[in-house]
Structure formats: structure tokens, C-alpha cells
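Each chain, written out:
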Amino acid sequence: MKKTFLTLLVIFALGTQLVSCGGDSGSSSTSSCAETGLYACQTGATEPLYTYQWALNAAQSFFASYTPVSDGTTDLNVDAVHKQGIKGQGVNVLVLDDGVEINHEDLKDNVNPSMTWNFQNNNTDPTPTTTYDAHGTNVAGIIAAVQNGIGVMGIAPRVTLGAAGDMRKGLNAAQQYTAFGGAPWSINAHIINYSLGGNPIPPASYTDAIAVGGQPWTNLRSNKGLIVVQSAGNEYIKIGQRDCRKVSGATQIVSCENPVNDYSLLNPMRLSIAAANAKGYRASYSSAGSINWITGLGGESESIGNYGEAGSAADKQGPQIYSTDLMGCERGNSENGLSAVDTVQFMIGGSPINMEKNPNCNFDQMAGTSSSAPTITGVVALMLSANPNLTWRDVRHILATTSKQIDPGYGSRDGRNKQISLADYTFTDSTSTALTDGASATRIDYGWQINAAGYKYSNWYGFGLADATAAVAKAKATTNYMSAALTLPEFIPVPAMKNKSFTYGQVTKLGEFTVTGADKVDGMQLRLNAGTKDAGTSDDQDSDDSSSTASDLCIGSVGIYVQSPSGTVSILAVPYNIYYNTDTQLTTTNDYGLGTYAFYGEAAAGSWQVFTVSGKPQETCTTAGTSSISVEYRIIPMP
Amino acid sequence: MNFSEHHYLRSLLGFLFGCMLLTSSFAQNTPKVGSLLTESEMAAAKSKPGIQESKKIISVLSAGGATVNQEIGKTIWVLSTGGSTTDPYTMVVNEQRAVGKSSNEVLITDSPTAQTKVKIAAYLPKAISVNYFDHMNATVLRFATLEEAAKACAALKTAMPEAQVSLPVTYSLPRAR
């Protein structure tokens, strides 16, 4: 009875929308509409929960008037694309996660059963077998929820959806290659969304062969290359029980975890996606680092009120991303037995708001870079739908060059523009950006920078917040395509930075290396190892004989800065980082990997400078005031 | 009993006690991927022969000023084995005390599978499975034990200098973000 009533209600609501087609409901005139069907060129306004999908259209959302949690303007500018009838048609998206409920009422019409797998029991049904693994179903809905007058609408509601679970159990190499394009069910994916990631303790070894990706993916999508969209991580403040040292007692000054510590993100074909909230600021949890590509929308972490409208973004409160949940009030995130302390009324089974808007608990909201990544996967699907000839390089270049700068003043907020005393990690009064060899204080965040190629880049936001309308317009206008080939050069040891001594508590210029040629920079990567030293010497360069011993290298105290020939400075790692409290030391064979996209488009030729910016190590890490380090580099060129 | 004997016995007892603790600890609470061993657990693990996980050649200057190549490698130690005959695994610990898991695989990338098939022919009888990813230029061989995989890995590195040959070990499980 209840379902019949609801169906009638939906039909009535849909009818109302159709009557108003072409008016202020967000629909467009049909004269330029290439889409056919009941929902042709209509926005998500046809869906009953559209008003809570602020990432699609902030100005028309329920949250627009709740100014402490929403600025009413921050969205992905999606509606204008939908009005053109571009909704992901012809694009295959594969969600690799903890599984997806493929028979969900708001997903099933987009699911292609030949693109599904479950690693838990090796069958083709990726539906989670637990009552709580709703993560992948959330992710799938953000991308691909069907436009059908039910629930929510995905950013690309007409994509073909595939899914695999359970990716969290830790797949071996063969399984990873299977999932990332190596099996009949994954080989036809055009985009993979991977809202998962790791936080290794201590840093792993960076070798190209282990993480799937790079060259093996360039052959996919008819040799135009697979696009993998991946979460940057939710560890800005801390990682579980692993805390980070505060600056002058304050959290939120620098990111606790560096996304690059999950080395898979060093693969240029994987896009690291940060998260912003509905105020247009970095979401409180969103990990910052120099390999973040762009920003999607993930909402805030502590959502309260009926729908997430209560509280203040300054207190980490605000709306999250509405999506599909495991169906039923006994499963998933929306369920019976929750309290208002934990979540919003919409998700509390049996509450008046829930009964009115979500009576079957089939929908919920989710925050995190787990949510921001699929918002970008949706945008990429729209781009490929508009122009399927784009190579993977075209896609990331268009994203980088059409994304919007948000939160332009963050670099001076909360004292972030002040130099930090490296000895005790406290603010000084100086706001100088100078990076001086031997200095005992320096900046640990430069905010937004404009590099020599003219691109704005920030460790918080990458190249900025995606703009679907601008990205699709550029995709449609693209006729000259970048090469899909990818060559990762070998790392080059720097003689001047082999077993190079540096002093804790200060800036040390390790040295320089010179690059020649006409290449422009795509990415720049470093590989670091502890140096060796003979007994009684602290800086024994070029001596690796068997009597040498490993230098203590307390990597948690060591920040790494690089200055390009054009003068742009990128912070690849901050001092007092996540490895500080764990007393982690690098070994002589560690191959600790770092990377940056801050130099994107700059000329590679010239002299590059590498600095350590080091805090004081824990006494249990080393009692010496110096360590030695060996540095290798590679410049990944633009084609 | 002189000092040396006492020292020896104390060391022996300490070693045996450490082994007992390690065995007991692992039996009752198998270390998980991504966890760190304590110093004492690590010492016990390192009492067994290590397995070379990887190696690379670096150029260094000798005392005489000449450039020479030096091989450096990463060593891992086996903590336990498990799984089935078709799905075996080995829990290991690396030099940084991080616990990892190997499926006893050898991963060969950047090499067309047609060429790889020729190079690995001698190892196929010992492998329990092989996966070819033709369009990704990747091959995964799997062995019953990590020792066999390491042996094959080392030999294939030499036989296939143009390829990337590695012994994949997972030190961090993915989690929802």
C-alpha cells in the first residue's frame, strides 16, 4: 500500500516537472537537445531528493539559505551540461570498492551485468553480503544513480555501470591486474573509480612495478588510455590513533597524512582528488599534498540536523553528498536504531523526516574524499560522453585547466602565512617566503601559487574545484589530441646529493641538478634513501664500502622542498609529518617516494634545487643533530 | 661457568624464549598486514634466514676514485605461511618491522606476454598458476612457497633485463576514504 502511494506520488511529481519543462525547473528548451526520452535534457530536478544534492546545483538546493554550512554557490556546475542532454551516454564506469548493490532501485537500470565481479566469493554479483558495507553503493549512486523520478540522480545518470567487491580485503597482484582492466568484466571500463587507499606504517618502497597502472593502462579504451579517479584521503587531522604534531598547539595548519604515501597515487594515470565542503573550503578531513590533481565535493564530516543543514562548517558540520544506500532499514547507513547524535534525521529509520523523505532507507549521505572522487568520475564521464576521443592525458589536462580556484585566501588564514620555527614548530612573526639555506624558520604552506606556466596550484586543492560545464565545453572543442603514450623515466641519482648531510632544526640546501632539453614538466618525483656513513664521520660522500653504516634518518622530522628552474617552490613533504610520532627511520634501501604537480607545464631545463626543511627529531629516533640522505629524481615530461 | 659460557647460555635461552614468544604470539594473534612488530619480535624473526625481496644496482665511487657498480637489496623474513595449495600466502616482515603479505607471486611487467612466455618456460613446471594480461604486457607467476618465488624472481630479473620483475608484497590494506 505504502509503495503504491509513493509510486503515485512520484508519478505526480514527475508530471509536475514535465509540465513545467522549459521553465525555471532547470529544464532547457528542446530545440538544442540531443537527448531523447522522458527526461531529455532535464536536470536532476525531476528527482525527489535533488534539492539535497547541492553538488549539482547549490543555488537551488535546500541548503542555500543555511549560510553557516553553505555559501549557496559551491557546486560542480553540472546542470548546464545535463540541459544539453549530456549525461554519460556511451561511457563505461567501473566502481572498485566494497561492492555495489546492483539491484538497487536507483542503480539497476544502468548496471551492465557483464561488468561485475565479487572477489569475496568469486562470482559475478558484487552486492555486499554484509549489512554494513554500503560504501561502494554510495559511490556508485554519486556517479550513476538513474534519472527515473526516484531518489537521487548521479552526475552522469546515463553511464553504463560496472562494479567489483570486495577490494578491501587486500588483493594479490594477479587480482589487482584483473580488476584494473585485465579481465573480461573490467577490460571495457573507460573510467575506474577507486575510493580506497592505504596509509602504510612505515613508508613502503616506491617501485613502479608493484602498483598497477601506468604503461599497462595506455592500451585500454581503444588505446586512448584508462582514467582512474582516486580519493586523496581523509587524514588531514589524524589517522586513527596516529596523531600528528600541532603547530603552536593548533591542528588544521598542515596536513597530517600526505596522499603520496599511498604510492599508487604517484602513477600519473591515477588522479588524486581532494574534497571541498558546501562553503567552498577544503573539507576538514581532506588530505593535502603536492600530488593532488583537482578537488571534488565531499561535504563535511559531522552532519547534523534534519538533512545536514545545522551547525557550522567551522565546526566540521554541514551537508554531505546524498546518494544510494543499501536498501532497507536494516542495512546500510540509513537504518533503524540510529540517534540524532550520530547522524541526520533523514537517515534515522522511523523518524518523521525519514518516514517522509526516505521511508525505505534506500538513500543516505556520505562525506569524504570517497565522495569527492566519484563526483569527479561523474564529471569525467560527462566529458567522455561529449567527446569519446579524448585521451587520458586530454582528460586530466582539461580538468586542470578548467577547474576553479576556490578559497583563494587560505594561505594566510589561521597564521598559515607565517614562518614556523623548525626547532619547536611554533609560529614566528615573519611572513617571508624566503627559503634560505641554514635558516631556522621558514614557511610550511605557500597557499595558492601561480607557476611559470601560468597554472594556479595548491597542495590543498590541486588545480582547483572541477567545473563540469567548462570541462565539457573544452572537451567538445578539443580536436587535437595529446598522446596517450606514457614513459616513466628511470630515477637518476644526484651525485651532489648522495650521502648528503643535513642538520635537523633548519633548512639545508642539499644541492642542485641540471636538466637540459625542451621538455615541459608534467610531474616531478623524488626517491629518497638514508645515506651511509663511516664510523666517526657524519658526511662521508661517495663511500659505500662495506664498513659504512646506515645513517639514522628520522623521516617524520624531514620536510622536502623543491625549487624549479623557473623559481616555483613546491612542498613535497612537511616537517613533523605523520612519521614523526612513530619515530620512523628510512633505510638505505627504502626508496621513499614523493611527487609534485606544482610545476605542471613549466620548462624542465635548468637548475633544480632540493632542500630539507627539518624539525627536531624525537630523541628516541636519533640523538645526533645531523643525518645524511641520498636523492634520486625524475622529471615526467608532457608529451 | 665462565663468562662466555654464561653469556652463550643466556643468549641461547633468550633466543629460545623469543622464539617461543614469537610462535605463541603468532599462533594466537597472527600479525596483520600493515602492523609493526616489536623489537623483540623482530629480533626473533630475523634469527631465520632472510629472503631478498628486491635488489638494484647503484653506481658508487670507490676509495680509489673509480666508479663501480654495487648491488643493494631489500630483505624480508618469513613469519608464517597459510592458505591452500591453490591459494597459498606468506606473511613476512621487512627491515622496518612492517608486516606484509605475499601471495608467492612474481610480477613481470613492461614485457609483451609472447616474449615473457619464452623466458619463463623453465619456471612453469614449478609454478602453481600463471596469469597473462596480454594487452597490459603483464604476467603473474605464482608458486607454492615464497622461497620458490624469490628464486624465480632473481633469475628472471637477470634473464629479462628489459622488463620489470618484482616480488609483490602488500604492506598496507586499502580502506574506505
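Reading the values: rules and limits
- Residues numbered from 1 in each chain as written.
- Chains lettered and ligands numbered in written order.
- Predicted model: local features only at pLDDT ≥ 70, side-chain atom pairs only at ≥ 80, totals over all residues.
- Contact = placed C-beta atoms within 7 Å.
- Helix = DSSP H or I, 4+ residues; strand = E, 2+ residues; numbered from the N terminus.
- Pairing = 2+ DSSP bridges.
- Axes fitted to C-alpha atoms, helices over the stretch in contact; angles between N-to-C directions.
- Domains from an automatic or database assignment.
- Nonpolar A, V, L, I, M, F, W, Y, C, P; charged D, E, K, R; others polar.
- Buried ≥ 20, exposed ≤ 12 C-beta atoms within 10 Å, placed from the backbone.
- Left-handed = near helix turned anticlockwise from the far one by under 90°.

Student: Before we move on, could you go through the interface of chain B and chain A and cite the residues and values that matter?
Tutor: On the chain A side, the residues contacting the 40 residues of chain B number 42 residues. For the side of chain B that touches chain A, the secondary structure elements donating two or more residues are strand E1 (51-61), strand E2 (67-83), strand E5 (105-109), strand E6 (129-133), strand E7 (138-142), strand E8 (164-166) and strand E9 (175-176) of chain B. In terms of strand pairing, strand E5 (residues 196-197) of chain A meets E9(B) through two bridges, oriented antiparallel. From the neighbouring strand, Gly197(A) faces E9(B), where its bridge partner is Arg175(B).

Student: Just give me the short version of the sheet that holds strand E25 (residues 606-614) of chain A, but keep the residues and values in it.
Tutor: Residues and elements named next belong to chain A. The antiparallel open sheet is built from four strands, whose spatial order is E18-E25-E22-E23. Of all the strands in the sheet, the pair left with one neighbour each is strand E18 (507-515) and strand E23 (569-573). Within the sheet, the average angular offset between the axes of one strand and its neighbour, ignoring direction, is 25 degrees.

Student: So what's going on with the domain arrangement of chain A? Which residues, and what values?
Tutor: Residues and elements named next belong to chain A. Domain assignment breaks chain A into domain 1 (2-402) and domain 2 (492-637). Each side of the interface is counted separately: domain 1 has 23 residues, and domain 2 has 29 residues. Split into classes, the residues belonging to the side of domain 1 that touches domain 2 amount to 15 nonpolar, four polar and four charged.

Student: Which residues make up the pairing of strand E6 (residues 227-231) of chain A, and what values do they have?
Tutor: Residue and element names in this part refer to chain A. Counting buried residues along E6, five of its five residues qualify, which places the element largely inside the surrounding structure. Alternating residues of E6 divide into Ile227, Val229 and Ser231 and Val228 and Gln230, and every residue in both groups is buried. Sheet topology places strand E4 (residues 191-194) next to E6; four bridges connect them, and they run parallel. Each residue of the ladder has a partner; that of isoleucine 192, found in E6, is valine 228. Looking at chain direction, E6 and strand E7 (residues 270-276) are connected through four bridges and run parallel. Its bridge partner being in E7, glutamine 230 is matched across the sheet by serine 272.

Student: Describe the packing of helix H3 (residues 135-144) of chain A against helix H8 (residues 369-386) of chain A, with residues and values.
Tutor: Residue and element names in this part refer to chain A. Interhelical geometry of H3 versus H8 gives an angle of 35 degrees and a closest axis separation of 8 Å. For H3 against H8, the interelement crossing comes out right-handed. Only Ser370, Ser371, Pro374, Thr375, Thr377, Gly378 and Ala381 of H8 make contact with H3, whose side of the interface consists of His135, Val139, Ile142 and Ile143. A per-class count over the contact of H3 with H8 returns five nonpolar, six polar and no charged.

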